[in-house]
Every structure is written in structure tokens, then in C-alpha cells.
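# What the coordinates show
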Amino acid sequence: GGGILAVKGIGGYQLACDAEDAAAVATLRARKRRQTKPFALMARDLDAVRALCNASAAEANLLASPEAPIVVLRARRVPEGVAPGLDTLGVMLPTTPLHHLLLAPFASALVMTSGNLSDAPSETDDAAARTRLAGIADGFLSHDRQIASRLDDSVARILGGRTRLLRRARGYAPAPMALPPGFAPAPPILATGSDQKATFCLLREGEAILSHHIGDLDEATTSDDFAAAVDRYTDLFRHRPAHVALDLHPGYRAAALGREIAARHGATLHLVQHH
């Protein structure tokens, strides 16, 4: 009917509308204050994806993988207003049973974007979502399962025959990554990273544990999320840093948190210039 729906996903609320309804897409842009940045799409199956995009066998396998990321694909056509000025689309398949039910009647695709105002983190609390998204969504599709941790959709692209992660989040984090031989004896390290597109990393026992994409720490809620995620990861992986690497920039919130953690654990600080 041209309306905008707030949908409770795995890691936060999402905003959905019919991708083929240009007026609905324009309304979502205006209400969300997102002028030109492309919207991700969700399609019910690979046939629906291929109606919009070229998808190789490798790209189809990535779409249908257990991680089920948003995959950037070359577009056959771009629905009006979805990705202005681009010839690619970011598309994913349903990621929960609720999404399967929602997509079943749609032969094409739905816009499926984060449930927030531009630059703010996605809403995870039901009451807060109903208040803060009231000016954007015409209706809410919710349930009673609590969202324990805010988590974005991962974004990937096949380049040079390999999967390249553009945003590591749902489906990929916090799976550890094995480091080359020689790292096993290294002491436990926490690297807090930068304030833009923020992530952090734990090193332990020859593995790097890279966090999910958290966002830009200029926003107070995102900064709080970053601190809470560091605590959650260090608890989950029983990680007590002997060294903390942080950015040399004196004003970075991630660096300030790194200093606090180093002081708490008596860890050695290492300042790293980010360029």
C-alpha cells in the first residue's frame, strides 16, 4: 500500500518498503533524512534477485550462505530512488523466519534498511523504537524476543574471484581468524581502532578476533555500544589484555576507552598513527 514498516530483526529494527514504489522510497528517504546513500534490498529468493541483478554462481552461493550477507551485485536495472547514480545494488535474502513470511507475497524486493535516523544506531528496544521511529514508520512488525546486541547486516562483494568483506557484522563476527605462524606466543592485545566505522580487535593464542562493525563514535549511543561490546567480547573470550594499541589522535573516543582499559588491567599502551 506504499507504507513504511518497522521490522524487528536479529540485531535491530529495520525499515522496509516496496522497492518498486518510487513514492514510498522517496518518502522513506525524506523521513529517514538519507538523501542519496543507497538502500539495501531484500528479495525472497534467487529468482527475485536475478530479476534485478546479474548474479554469478559464486555470488549466488554467497547470498545463500549461512552468513547471508548483503552482496553488492551489478544491476540489470535500479528501481527509482533506491541507489541514485549507481549501477550496483546491495541485495540479501531473508535472514529470519519472520523475513521469509514478510517477503513471501513480493515477487520483486523490499528496501530493508536500518531502523534509525541517518547516522544514529539502529533501535533495539521495543519501547524506544515505537517512540523514535514513530515519525518514519507507518506500522510495526515486532515480537517478544529481546535483542541482546545491536548488529548490522554484513556487506560483501566478490572481487578477483574472492569474497571481500566491506562490512563485517552479522554472520561473520565474532568468529576468530587464524593468524600466520609465529603469532601463537604473542601476549594478549586489544586494539581499539579509530572513531570512524569503528571496530576493535582482540589478539590471543594466534587468533585475531575482530569485532562487528559498530559505527561512528561521534554519536553518543554508538560510543556507549562500543564500550559495551569491548566488555562483552573480553568476557566472552576471557581476554585480559597485556598490551593495548590505540590511535595517536588525542581526541578519539576509542583511544580514550583504550587508556581506561589499559589502566584497569595494568596493560602497556602503544600509540599508533592511523595513516
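Here, the structure is the one placed above.
I will try to describe carefully the structure that is included in this document. Sequence order as written defines the numbering, with residues in each chain counted from 1. A pLDDT threshold of at least 70 governs which residues receive local features in this predicted model, and a stricter bar of 80 or more applies before side-chain atom pairs are shown or counted, although totals over entire chains, interfaces and linings include all residues. Hydrogens and water molecules were not included; the side-chain quantities draw on all heavy atoms of the structure.

## Structural notes on the overall build of the protein chain
As a reminder, the rule being used: A helix here means a DSSP run of H or I that spans at least four residues, while a strand means a run of E at least two residues long, and both kinds are numbered starting from the N terminus. For a compact globule the rule gives 2.2 Å times the number of residues to the power 0.38, and the radius of gyration it is set against comes from C-alpha atoms. Buried residues are those whose accessible area, probed at 1.4 Å on protein chains only, stays under 20% of the maximum for their type, while exposed residues exceed 50% and partly exposed ones sit between those limits. Contacts between residues were defined by any pair of non-hydrogen atoms, one from each residue, lying within 4.5 Å. Here, Shrake-Rupley sampling with a 1.4 Å probe gives the accessible areas, and only protein chains in the shown set may cover a residue.
Helix and strand content of the protein chain: 7 helices and 16 strands. In terms of C-alpha radius of gyration, the protein chain reaches 20 Å, essentially the compact-globule figure of 19 Å for 275 residues. Based on the C-alpha atoms only, the size of the protein chain along its principal axes is roughly 60 × 45 × 35 Å. Taking all 275 residues of the protein chain together, the buried fraction comes to 45%. Contacts spanning at least 24 positions in sequence make up 62% of the contacts within the protein chain whose residues lie at least 6 apart. Carbon and sulfur atoms make up 53% of the accessible area of the protein chain, which amounts to about 13500 Å² in all.

## Structural notes on the nonpolar core
Stated formally: We call a set of buried Ala, Val, Leu, Ile, Met, Phe, Trp, Tyr and Cys residues a nonpolar core when their side-chain atoms join them within 4.5 Å.
Residues Leu 28, Leu 41, Val 82, Leu 89 and Val 111 are the most contacted members of the largest nonpolar core, which totals 36 residues. Other than its neighbours up to four places away in sequence, Val 82 contacts Ala 19, Val 25, Arg 29, Lys 37, Pro 38, Phe 39, Leu 41, Leu 89 and Val 111. Of all hydrophobic cores here, the second largest spans 22 residues; its members include Leu 190, Phe 226, Tyr 252 and Ala 267.

## Notes on the pairing of strand E15 (residues 243–247)
Here is the rule we go by: What makes two strands pair is DSSP finding at least two bridges between them.
Burial analysis of E15 places 4 of its 5 residues in the buried class, the great majority of the element. Pairing between strand E12 (residues 189–191) and E15: 3 bridges, direction parallel. Paired with Ile 189 across the strands is His 243, a residue of E15.

## Points about the state of the cysteines
Counted only if it meets this: Put simply, a disulfide is two cysteine sulfurs that come within 2.5 Å.
Taken as a whole and judged by the stated rule, the model has 0 disulfides. Lacking any disulfide linkage, Cys 17 is separated from the closest cysteine sulfur, that of Cys 53, by 16 Å.

## Points about the sheet that holds strand E14 (residues 207–210)
If you walk across this open sheet you meet the 6 strands as E11-E14-E13-E12-E15-E16, and the pairing is mixed. What marks the edges here is a single partner per strand, and that holds for strand E11 (177–178) and strand E16 (268–272). In the sheet, E11 pairs with E14 via 2 bridges, with the strands oriented antiparallel. Directly across from Ala 178, in E14, lies its bridge partner Glu 207.

## Considering helix H1 (residues 22–32)
Stated precisely, the cut-off is as follows: Directions drawn from the helix axis to the C-beta atoms are what define this arc.
Where H1 is concerned, the buried positions are Ala 24, Val 25, Leu 28, Arg 29 and Lys 32. Each buried residue of H1 sits inside an arc of 140° when the element is viewed along its axis, so together they form one side. In H1, the exposed positions angled more than 90 degrees off the buried face are occupied by Ala 23 and Ala 30. Buried-residue contacts for H1 involve strand E2 (13–18) and strand E7 (109–114). Looking one or two residues past H1, Arg 33 carries a phi angle of roughly 60°, positive in sign.

## Focus: unusual backbone geometry
The linkage connecting Ala 173 with the following residue, Pro 174, adopts the cis geometry, with an omega of 5°. In this structure, Pro 174 sits in the loop between strand E10 (162–167) and E11. With a phi angle near 60°, Arg 33 is a residue other than glycine that sits in the positive phi range. Looking at where Arg 33 falls in the secondary structure, it is placed in the loop between H1 and strand E3 (41–43). You will see that Lys 197, though not glycine, has its phi angle at about 50°, which is positive.

The analysis is restricted to geometry; functional conclusions fall outside its scope.
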